[in-house]
Amino acid sequence: MQVPAPFDYRRATSVGDAIALLQDYGPDSRVIAGGHSLLPMMRLRLARPEVLIDINHLTELDYIRVDGSFLKIGAMVRHVTLQTSHLAAEYYPIFAEAEAQIADPLVRNRGTVGGSLCQADPAEDLSAVFSALKANVVIAHRSGTRKVPISEFHTGPYTTILEADEILTEVEVPLRSNTGSAYEKVERRVGDWAIAAVGAMVRIEEGLVSEAGIGLTAVRADHFRAKEAEDSLVGRPPSTEAIAEAASLAATHCDPFADQRGPEDYKRHLVEELTKRALSRAMNRSLPEVH
Amino acid sequence: MTDVKDKPDGVGFGRVIRKEDARFVRGKGSYIDDIVLPGMLHGAVLRSPYAHAKIISIDTSVAEKHPKVKAVITGALLETLNLAWIPSLSHDVIAVLATDKVRYQGQEVAFVIAEDRYSARDALELIEVDYEVLPAVVDAKRALDPGMVVIRDDIENKKDNYIFDWGSGDEAATEAVFEKADVIVEQDMLYPRVHPAPMETCGAIADMDPISGKLTIYCTTQAPHAHRTLYALVAGLPEHKLRVYSPDIGGGFGNKVGIYPGYVLSVVGSIITKRPVKWVEDRSENLMSTSFARDYHMKGKIASTRDGKILGLRVDVLADHGAFNNTAQPTKFPAGFFHVFSGSYDMEAAYCSVKGVYTNKAPGGVAYACSFRVTEAVYAVERMVDRLALELDMDPADLRMKNLLRPEQFPYTSPTGWEYDSGEYPRALQLAMDIAGYEDLRKEQAEKRANGELMGIGLSFFTETVGAGPKKHMDILGLGMADGCEVRVHPTGKAVVRLSVQTQGQGHETTFAQIVSEVTGIPVADVEVIHGDTDNTPFGLGTYGSRSTPVSGAAAAVASKRIVEKARLIASAMLECSPDDLEWTTGRWQVKGDPSAGKTIAEIALAAHANLELPEGVEGHLDASCVYDPPNLTFPFGAYICVVDVDPGTGKVKVRRFIAVDDCGPRINPMIVEGQVHGGLADGVGMALMESIPFDEDGNCLGGSFMDYLLPTSLECPSWETGETVTPSPHHPLGLKGVGESATVGSPPAVVNAVLDALKPFGVKHADMPLTPAQVWRAMQGRPMRTDLAIQ
Ligand SMILES: Cc1cc2nc3c(=O)[nH]c(=O)nc-3n(C[C@H](O)[C@H](O)[C@H](O)COP(=O)(O)OP(=O)(O)OC[C@H]3O[C@@H](n4cnc5c(N)ncnc54)[C@H](O)[C@@H]3O)c2cc1C
């Protein structure tokens, strides 16, 4: 059995308490949410926090609701909750689609939205989803909260802009009319991380693409985003040519590397193929009669 | 769900619920890690981070000062006990703890014994090892290149990484056949390194009683008796003071045949600390350091006439054995039974050569449900037959039908000297094709191809080679491959059967009770199976290579028959008639012509223990034993058909259907047979599509966790469609052939043939396993990858 190095444990009673504990214990303390990323790393002794601050009991962070023009998702929402949320699916079918392909039911029962984003694994799926949806994340600190676009949240593999005593509390997604979304992922086996995955959001107004979001994961796209491809779509009528061009741009502007999931050329090919599939499904869904 | 109700009388063969399930489904099994002994300590192994490095120094002083550490063992200490190296299963040696060099990543370097497993692990980090890193030999194809670093410089005068050359068959005759052939097809293929990955990893508890000198080793072993004898031989421990006890085992698949350093270290640890020492490896340790399987680079060459009569087959193998030659196989056969590679086909000549080399990878081999390399052999021939079909533009089913051995050819002597016992091959293939609806599938495929959709249909026909083996041909480290069995009927007619083999989940507690029941008529529920404990069972070589039913099952049948014969004599005394006047009906001897006069086995058992005056020469009690030396191997066979759909845009393979017709002779418990087949088919899908342990150029193992070494889940497996034919073995007392590994042996080529059939429109002829999405896509581009090396 793989066993972690010794550590201490504190249970936070509120967001404020969690932040206070993080401050008390300093940089060797770590928040634990679902634990599905942190515990494996601790067992392999790749992570060795001295104190775990458990935020699993902060029900105040467990919600999915519409508030004004935003869909708001609390950091402690479990994968399975997002996967089965009618509210989320009503606005963005991409959630249920992506979630159904994240890990396996055991992991989805515990793993959280906040933990997924904060882990910042380069193959993480929700980062691509929220990138496609152009979401904002809400971060709580000692003296209040700050809000940053998802495109500024990740600073590299396994790193984010979070300070040691900050916690992510919420992700908010703008609500949009005439919008479709979809997720496409290829994995070697169910429960494996993506070889490559693409999330797409397309808004069509008066026959033209007015807004497009394309999120990529596992292929070292800048901030999980295919910006050039997004830009190429805006202002154009939806068409196979537009899709093909965007897909090709997405494949060109990412930077996948070879690993046991596949060689670089294959991953690039997948980005192109999956971008096409995700975009065309998103476009179909954005048609008013469907929405 | 399988219907288990068709066995109302509870006697003999048939679908009965597994006896062991009552405890397993309640979580009441008792595995190594469930066993807790008073005063027990915990061991942990420090492993090499490098594939090849000289050990300059090891400093254990800080670790020893850890308040909960009891001892730290290094190779230097083992050297003083003459235990730093132990014999391998293939006439080589393996290091228990490295003394001079580490030779693969994950090799054992030191052993910490502490009060609890957390402290043991913590203390590992306190050991300082100074390594001088050496270049690693990773690519087996380059292991013999001039100037290559020598891995085994512990062997005197060793100047290269060569292990052995071995061949079988008539090379000249085979070459002559190639001379006259119309068509010759050649294909290089790799059966990549895979791992058995049992759910339970390996472990042991050694408990040396300092007063009596008795050493009990609780251990995850498939072969408790062989282990006991090896400990006695290697460590000079008196065999009567050694007890090997194998509790419930969570899967073996060959992984638990050999003796691992961790077991030996637990023993040494218990002797040093005078307390029981438990060692249980973690998942990565299991994947990185214990017996792998396969790793055969094969060059196949097949010859035929223009109209598809196969004439000959040649396969030249480069075998990667890792850092120590530790494959488990009968002494005479360094490549196991690979030379059964002519498979199920009638051909004039065949020849194979096998060259073994050392690399900086974990040692082992031949583990994983392979029947001593029959898996590689079947893969080779079944791929070659498909390659030939492609070349001849013939349907692979037609080509197989045309060349399968015919029933009248049995017993059949293969070009390399095997004597196949019995078979009706065309019948099995036809049945599989009927279940599949083969013609309709081909039609559907043609329609799909016209639309650019990729559908593939793959076949394989395998001949298994199990039940090792006749003592005159086979031994492991000098121990003949016969197995003992003892059956005892208690005074009240209940029975106990003691076995030398050890179940790892196959259901022996049920099937062996059924064998005794079938012969004696004692209800299955009334037969208790005892196994896994060397103090309480007769000697034998254990469970692997699908040998339990063919060897130990035969021993149980013969012993049971002896019981029935003895019962006859006792019944004749009871009924005051001649034994010749008695006839056997299930569970009862009765007077011929007078069925009302008879004695049941229970009545006879009571009489045998009571004051009945027994006939001359008959001792009391009702028991018997047998040591079964099989006259020949058994040859189960089967026809498999796999249907896949491939996503042309992503290369992702979906196994849509899998049809498996197995012939293992009569089925003791059809439900258990189907379970074995289901598991083996899942294994096959795993190997064909996702399992592999490649190494990067520094020799880092890239398959060392379940995030890297992918096993199939139910979502990758279709609903299996099974069928059966029954061709009894003429020499097994009950006609049984064994089935444990059939599906693992037979299924990978069916899946691979199906995927490659799907890719036919792209002109793809071959791509090596595992056929991951990336590999399939690369094959479609005409650039399949090597799957033994890191993806570049
Ligand atoms: C077998 C397996 C397969 C998986 N497959 C996939 C997959 O295919 N796709 C995928 O996207 N993911 C996958 N995952 C990851 C899974 O989604 C994790 O649950 C997720 O990455 C982390 O969420 P968690 O709640 O478990 O976080 P934890 O493990 O608890 O925490 C992860 C990190 O985030 C920090 N953290 C957590 N919450 C907060 C917060 N609110 N504020 C600040 N910091 C926080 C922690 O301190 C820690 O550093 C897989 C995991 C496993 C075990």
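Turning to the interface of chain A and chain B, a few remarks are in order. You'll often see interface size given as the accessible area lost when the parts meet. Counting from both sides, the interface comprises 29 residues of chain A and, opposite them, 34 residues of chain B. Note on chain A versus chain B: buried area summed over both sides is about 2600 Å², and carbon and sulfur give 56% of it. The largest per-residue losses of area from chain A upon contact with chain B belong to Met1(A), Arg189(A) and Gln260(A), which jointly make up 27% of the total buried on that side. On inspection of chain A and its partner chain B, the count reaches 6 salt bridges. Across the pair Asp647(B) and Arg277(A) runs a salt bridge, and its minimum N-O distance is 2.8 Å.

This brings us to the sheet that holds strand 9 (residues 162-169) of chain B. Residue and element names in this part refer to chain B. The 5 strands are arranged 9-17-16-15-10 in an open sheet whose pairing can be described as mixed. In this open sheet, the two edge strands, each paired with only one partner strand, are strand 9 and strand 10 (183-191). When strand polarity is set aside, the average angle formed by the axes of neighbouring strands in this sheet is 10°. Two strands pair when backbone bridges link them, and strand 15 (residues 296-304) and strand 16 (residues 310-320) are joined in this way by 9 bridges, in the antiparallel orientation. Within strand 16, the residue paired with Lys299 across the bridge is Asp316. Lying over the sheet, helix 5 (residues 171-180) contacts strand 9, strand 10, strand 15, strand 16 and strand 17 (349-357), oriented at roughly 125° with respect to strand 16.

Moving on: the site of the ligand. Surrounding the ligand, one finds 32 residues, the nearest of these being Val31(A), Gly35(A), Leu38(A), Thr112(A) and Asp125(A). Those residues lying near the ligand are distributed over chains A and B. In this structure, an oxygen atom belonging to the ligand sits 2.5 Å away from a main-chain N or O atom of Val31(A). Note that an oxygen atom of the ligand is positioned 3.3 Å from one of the backbone N or O atoms of Ala103(A).

Moving on to the domain arrangement of chain B. All names here are of chain B. With domains assigned, chain B is organised as domain 1 (4-28 + 483-628), domain 2 (32-134 + 204-235 + 256-277) and domain 3 (292-468 + 632-780). Between domain 1 and domain 3, the C-alpha centre-to-centre distance is 37 Å. If you look at the interface, domain 1 gives 27 residues, while domain 3 gives 25 residues. At the boundary of domain 1 with domain 3, total buried surface from both sides reaches about 1900 Å², with 66% on carbon and sulfur atoms. Taken as a group, Phe13, Arg15 and Ser546 account for 28% of the area that domain 1 buries against domain 3, more than any other trio of residues on that side. Put simply, Glu674 and Arg15 hold a salt bridge, and the shortest N to O gap is 2.9 Å. Secondary structure elements with two or more residues in the side of domain 1 that touches domain 3: helix 13 (508-520) and helix 14 (548-575). The greatest single-element share of the side of domain 1 that touches domain 3, amounting to 8 residues, is contributed by helix 14. Grouping the constituent residues of the side of domain 1 that touches domain 3 by class yields 13 nonpolar, 10 polar and 4 charged.

On to the pattern of salt bridges, then. Taken as a whole, this structure holds 86 salt bridges over all chains when the rule is applied. Glu230(A) is the salt-bridge partner of Lys134(A), the closest N and O atoms lying 2.9 Å from each other. Taken together, the residues Lys134(A) in the loop between helix 8 (125-133) and strand 6 (136-141) and Glu230(A) in helix 9 (residues 227-233) connect sequence positions 96 residues apart. We note a salt bridge from Glu509(B) to Arg23(B), for which the minimum N-O separation is 2.9 Å. Taken together, the residues Glu509(B) in helix 13 and Arg23(B) in helix 1 (residues 21-24) connect sequence positions 486 residues apart.

All names here are of chain B. Over its 13 residues, helix 13 runs 18 Å from end to end, which matches the ideal 18 Å to within 8%, given 1.5 Å per residue. Within helix 13, 12 of the 13 residues are buried, which leaves it mostly tucked inside the rest of the structure. Regarding helix 13, the residues found buried are His508, Glu509, Thr510, Thr511, Phe512, Ala513, Gln514, Ile515, Val516, Ser517, Val519 and Thr520. After helix 13 finishes, the residue Gly521 shows a positive phi value of roughly 80°.

Cut-offs used in this document
Within any chain, residue numbers begin from 1 and follow the written order of that chain's sequence. A letter from A marks each chain and a number from 1 marks each ligand, given out in the order of writing. Where local features are concerned, this predicted model is filtered to residues with pLDDT of at least 70; where side-chain atom pairs are given and counted, the filter is 80 or more; whole-chain, interface and lining totals use all residues. Side-chain measures here rest on the full set of heavy atoms in the structure, leaving out hydrogens and waters. Contacts between residues were defined by any pair of non-hydrogen atoms, one from each residue, lying within 4.5 Å. Summed over both partners, the accessible area (1.4 Å probe) lost when two parts come together is defined as the buried area. A side-chain nitrogen of Lys or Arg and a carboxyl oxygen of Asp or Glu constitute a salt bridge if their distance falls within 4 Å. Two strands pair if DSSP finds at least two bridges between them. Going along the chain from the N terminus, every DSSP run of H or I of four or more residues is numbered as a helix, and every run of E of two or more is numbered as a strand. Note on definitions: angles span 0 to 180 degrees between N-to-C directions of axes, and those axes are lines fitted to C-alpha atoms, for helices only across the stretch in contact. Proximity is defined per residue: any heavy atom of the residue falling within 4 Å of a molecule or strand makes that residue near it. In the analysis that follows, any N or O atom pair within 3.5 Å is treated as a polar contact, provided that within protein one partner can donate a hydrogen and the other can accept it, and provided that, for residues neighboring in sequence, both atoms belong to side chains. Start and end points for every domain follow an automatic or database-based domain assignment. All residues other than Ala, Val, Leu, Ile, Met, Phe, Trp, Tyr, Cys, Pro, Asp, Glu, Lys and Arg, Gly among them, are scored as polar; the first ten of these are nonpolar and the last four charged. Expected helix span is given by 1.5 Å per residue-to-residue step, counting one fewer step than there are residues. Only protein chains enter the accessibility calculation, which uses a 1.4 Å probe; a residue whose area is less than 20% of its type maximum is buried, one above 50% is exposed, and one in between is partly exposed.

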